[in-house]
Amino acid sequence: MNKTGTQTIETPRLLLRRFRPSDAEDMFRNWASDPEVTRYLTWPTHPDVEATRQLLRDWEAHYEDGAYFNWAIEDRQTGQVIGDISVVALNESIEAADIGYCLSRAAWGQGIMPEALKAVMDYLFDVVGLNRVAARHDVNNPKSGRVMEKCGMRLEGTLRASDRNNCGICDIVCRSMIRSDREASGELRIELQDHEWPFTHADHDRLIARAIVFDEDGWFYFVRAERHDEFGDATLIETSGGGVEPGEPLETAILRELGEELGAEAEIVCKIGLVSDYYNLIHRHNLNHYFLCRALSFGEKHLTRDEIEDFHLNTLKLTYEEAVCEYEKRRDSRLGRLIANRELPILRRAAEILRREKDGLRHSL
């Protein structure tokens, strides 16, 4: 499990972000004081805005916990906070989460809740790396169930007289999605923020080509770097790759980078996806295009002087499990956490693709 915490998520109509105490007025007015919204929930309507404000202070204090996931649903057109969606139960041992949500009555029936739920589910699967995401609703609240259905959750069953909400003891309908239910094809698109350094402004973008490199024996190849600069002192693991030169196709760039950093002749298997992230310390927005590449042979590297003398760049040959452990171990530095948040979802998707490719080959024999 990748403990990335509550990162900002953007959808066409919504901004899913961390709550702030200044959201108290919107939250109280739009849903926390409305008995129709809280009818099937387990918490009572708020008596006044001060109760809402105190709750938001409590929530805000938890955001430094990487296993805490609680988003305000902000309408991008109006700037108002109109609901919330959160992980209400997390079981790290089986990589599973239960989601709860509520929405302003004025926003019902517009497809907003499915849009928010789908975005959070994608984040929990693709970024956090969960295997199961579930949700529950009162049997007398089928509209909530339809939100889950629209997001691909499967019906598991009804637990009779198993919970209590504002209507009393109730039957609960359970729905879920697990990782194998999802379509593994298609490119990932992940948006990440930098919570290690404060954001002031981003004054430049950097287009980067990166690759998960593997060989026919199941080994994965990464680079190891040592940094002693404005980011601090750190030993890091990272995928091979680098900046795309002006006018250079991404495919050309990644094969060039693999030759330079790993000494690898490689072939591109597929595009894995795009991760947008930020290095606030140097005011940079990174656009990381990731590929899955098969190494065909290894020869001489062509490292720059900085890569040799400043970063002491060398190659790491690891199993998938060893690579995951290495990324987790490097979370002891700020930059290590940013890199792990960005690359673990990509590594996980690469392993899924290779597993399906192997299964398909076995079934064809």
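Let us look at the layout of surface pockets. To find leftover empty space, one rolls a probe the size of a water molecule over the atoms. When its volume is computed, the largest pocket comes out at roughly 1300 Å³. Surrounding the largest pocket, 49 residues form its lining, Leu41, Tyr101, Cys102, Asn141 and Ser144 being those nearest its centre. Looking at the lining of the largest pocket, the element that brings in the most residues is helix H5 (residues 142-150), giving seven residues. Across the lining of the largest pocket, the residue classes break down as 25 nonpolar, 13 polar and 11 charged. By volume, the second largest pocket is sized at about 690 Å³. As for the second largest pocket, its lining consists of 32 residues, and the residues nearest its centre are Arg206, Gly241, Glu261, Glu307 and Phe311. At the level of secondary structure, the elements contributing two or more residues to the lining of the second largest pocket comprise strand S10 (204-214), strand S11 (220-229), strand S12 (232-238), strand S13 (240-243), helix H6 (250-262), strand S15 (284-298), helix H7 (305-310) and helix H9 (334-364). At four residues, H6 tops the list of elements feeding residues into the lining of the second largest pocket.

What follows covers the pairing of strand S7 (residues 154-165). Relative to strand S8 (residues 168-178), S7 runs antiparallel, the two being bridged by eight bridges. Bridge pairing in S8 places Leu159 opposite Ile172. Counted along the chain from S7 to the antiparallel partner S8, the turn is two residues long.

In this structure, Leu124 and Phe222 are the most contacted members of the largest nonpolar core, which totals 66 residues. The dominant element in this core, judged by the number of residues it contributes, is helix H4 (residues 112-128), at 12 residues. Dropping the residues within four chain positions of it, Leu124 is found in contact with Phe69, Trp71, Val87, Ile99, Gly129, Leu130 and Val133.

Bringing the side chain of Thr52 into the picture now. With respect to the helices and strands, the residue Thr52 is situated in helix H3 (residues 49-60). Each residue touching Thr52, except ones within four places of it in the same chain, is listed here: Ala24, Met27, Phe28, Ala32 and His46.

Packing of helix H1 (residues 24-32) against H3 leaves a shortest axis separation of 9 Å and a crossing angle of 115 degrees. Between H1 and H3 the crossing geometry is right-handed. Contacts between H1 and H3 involve Ala24, Glu25, Met27, Phe28 and Ala32 on the former and, on the latter, Val49, Thr52, Arg53, Leu55, Leu56 and Trp59. Here the residues of the contact of H1 with H3 sort into eight nonpolar, one polar and two charged.

With that settled, consider the environment of Thr4. As for its placement among the helices and strands, Thr4 is situated in the segment before strand S1 (9-10). The class of Thr4 is buried, set by a relative accessible area of 8%. For Thr4 and Leu338, which are 334 residues apart along the polypeptide, the C-alpha to C-alpha distance reads 9.0 Å. Those residues in contact with Thr4, other than ones at most four positions away along the chain, are Gly66, Phe69, Tyr123, Val127, Val128 and Asn341.

Conventions adopted
Residues numbered from 1 in each chain as written. Predicted model: local features only at pLDDT ≥ 70, side-chain atom pairs only at ≥ 80, totals over all residues. Heavy atoms only, no water. 1 Å grid on protein atoms, 1.4 Å probe; cavity = no way out; pocket = protein on both sides within 12 Å on 5 of 7 lines; lining within 4 Å. Points joined across faces, edges and corners; volume = space filled by probe spheres on them. Helix = DSSP H or I, 4+ residues; strand = E, 2+ residues; numbered from the N terminus. Nonpolar A, V, L, I, M, F, W, Y, C, P; charged D, E, K, R; others polar. Pairing = 2+ DSSP bridges. Core = buried A, V, L, I, M, F, W, Y, C linked by side-chain atoms within 4.5 Å. Buried < 20%, exposed > 50% of the residue type's maximum accessible area, 1.4 Å probe, protein only. Contact = heavy atoms within 4.5 Å. Axes fitted to C-alpha atoms, helices over the stretch in contact; angles between N-to-C directions. Left-handed = near helix turned anticlockwise from the far one by under 90°.

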